[in-house]
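# Observations on the three-dimensional arrangement
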Amino acid sequence: MEILRSPRLILRPLIPNDAVHFARLLGPDRAGVRMTASIPYPCTEEAAREWIVQKASPEAGQVFAITHAQSGEVMGAIGFGDSPGNGDLGYWIGKPFRGKGYATEAIRRIVTHASHLGISRLFAETFPTNPASSRVLTKNGFRLTGRGARQIPARGGSRTILKYVIEIQGCPGQNTWK
Ligand SMILES: CC(C)(COP(=O)(O)OP(=O)(O)OC[C@H]1O[C@@H](n2cnc3c(N)ncnc32)[C@H](O)[C@@H]1OP(=O)(O)O)[C@@H](O)C(=O)NCCC(=O)NCCS
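Residues numbered from 1 in each chain as written. Predicted model: local features only at pLDDT ≥ 70, side-chain atom pairs only at ≥ 80, totals over all residues.

### What about the overall build of the protein?
Regarding its fold elements, the protein presents five helices and eight strands. Element order for the protein, N to C, with α for helix and β for strand: β-β-α-α-α-β-β-β-α-β-α-β-β. The C-alpha radius of gyration of the protein comes to 15 Å, within 12% of the 16 Å expected for a compact globule of 178 residues. Taking the principal axes of the C-alpha coordinates as reference, the protein spans close to 40 × 40 × 30 Å. The proportion of buried residues among the 178 residues of the protein is 33%. Taking as baseline every contact in the protein between residues at least 6 positions apart, the subset at least 24 positions apart corresponds to 59%. (Helix = DSSP H or I, 4+ residues; strand = E, 2+ residues; numbered from the N terminus. Rg over C-alpha atoms; globule rule 2.2 N^0.38 Å. Buried ≥ 20, exposed ≤ 12 C-beta atoms within 10 Å, placed from the backbone. Contact = placed C-beta atoms within 7 Å.)

Take a look at the structure:
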């Protein structure tokens, strides 16, 4: 996996020790964790480490730590699965870093990365109670395709979700941030 750069961010592959940052940022943030589909709750260091190890396997797709380009500080995570030609996008930003456009910037960078990998579309899902997440998707060109129900075991079973997609134009080499 590559290291991805954008004006304010470096997205780098997750390492098991990032569990420390997951636990620090998400441990006290029950509401934030419950907006994600798979982050463990409670997000202890041990639970986060297990999640990271699972996501770091090549079969699980590509998951990156979102770090501050200047300080290197871990601020969140973002990634997508590896279904051929498609990928499901997931992301979170720690509470102290929200509202500064970091998720918007990270998603933009990931979409460019996906296009370079020849991925033709990315899917994303949000809970209807998460307008900030819907906003960062639509700001990046994702469109709402519908509402549905999905089994999300980590979130207690069947949940209503909003579905988004972005069709990606293949544009190898076109990366203004590299
Ligand atoms: C969703 C999340 C990733 C957004 O991260 P962020 O870095 O704060 O996002 P940004 O700053 O790039 O953009 C947030 C946008 O949402 C908007 N927003 C925030 N709260 C909102 C609300 N309650 N209603 C409507 N829009 C809202 C902001 O105004 C901003 O849009 P703008 O730039 O047009 O003003 C972050 O809140 C998070 O990690 N939440 C918990 C985990 C999660 O929800 N993950 C996504 C699972 S699908």
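### So, the packing of helix α1 (residues 19-26) against helix α3 (residues 45-55)
For the pair α1 and α3, the least separation of the axes is 8 Å and the interaxial angle reads 125°. Considering the angle they form, α1 stands oblique to α3. In this structure, α1 meets α3 at a crossing whose hand is right-handed. For the pair formed by α1 and α3, the contact residues are A19, V20, F22 and A23 on the first element and E45, A48, R49 and I52 on the second. (Axes fitted to C-alpha atoms, helices over the stretch in contact; angles between N-to-C directions. Parallel < 35°, antiparallel > 145°, perpendicular 65-115°, else oblique. Left-handed = near helix turned anticlockwise from the far one by under 90°.)

### Observations concerning the site of the ligand
Taken together, 21 residues surround the ligand, and among them M35, R98, A103, T104 and P131 come closest. Only β5 (86-93), α4 (102-116) and α5 (131-139) provide two or more residues apiece to the shell around the ligand. The greatest single-element share of the shell around the ligand, amounting to six residues, is contributed by α5. (Near = placed C-beta within 6 Å.)

### As for the pairing of strand β8 (residues 157-167)
Here six bridges tie strand β6 (residues 121-126) to β8, and the two strands are oriented antiparallel to one another. Each bridged residue has a counterpart across the sheet, and for E125 the counterpart in β8 is K163. One ladder, built from nine bridges, connects strand β7 (residues 143-152) with β8; its direction is antiparallel. In the strand pairing of β8, R143 is matched with V165. The turn linking β7 back onto β8 is made up of four residues, and G156 within it adopts a positive phi angle of 95°. (Pairing = 2+ DSSP bridges.)

### Side note on the nonpolar core
Counting residues in each nonpolar core, the largest one holds 43 residues, and the members touching the most others are F64, I66, A77, I78, Y91, A106 and L122. Per-element accounting of this core gives the leading share, six residues, to α4. (Core = buried A, V, L, I, M, F, W, Y, C linked by C-beta atoms within 7 Å.)

### Quick notes on unusual backbone geometry
That bond from Y41 to P42 is cis: its omega, 0°, falls within 30 degrees of zero. In this structure, P42 sits in the loop between α2 (30-33) and α3.

### Points about the pairing of strand β3 (residues 62-68)
Of all seven residues in β3, six are buried; the element is thus mostly enclosed. Bridging between strand β2 (residues 9-13) and β3 involves five bridges; their strand directions are antiparallel. Across the sheet, the residue bridging to I10 is T67, located in β3. Sheet analysis places β3 next to strand β4 (residues 74-80), joined by six bridges and oriented antiparallel. For F64, the partnering residue across the bridge sits in β4 and is I78. The turn linking β3 back onto β4 is made up of five residues, and G72 within it adopts a positive phi angle of 80°.

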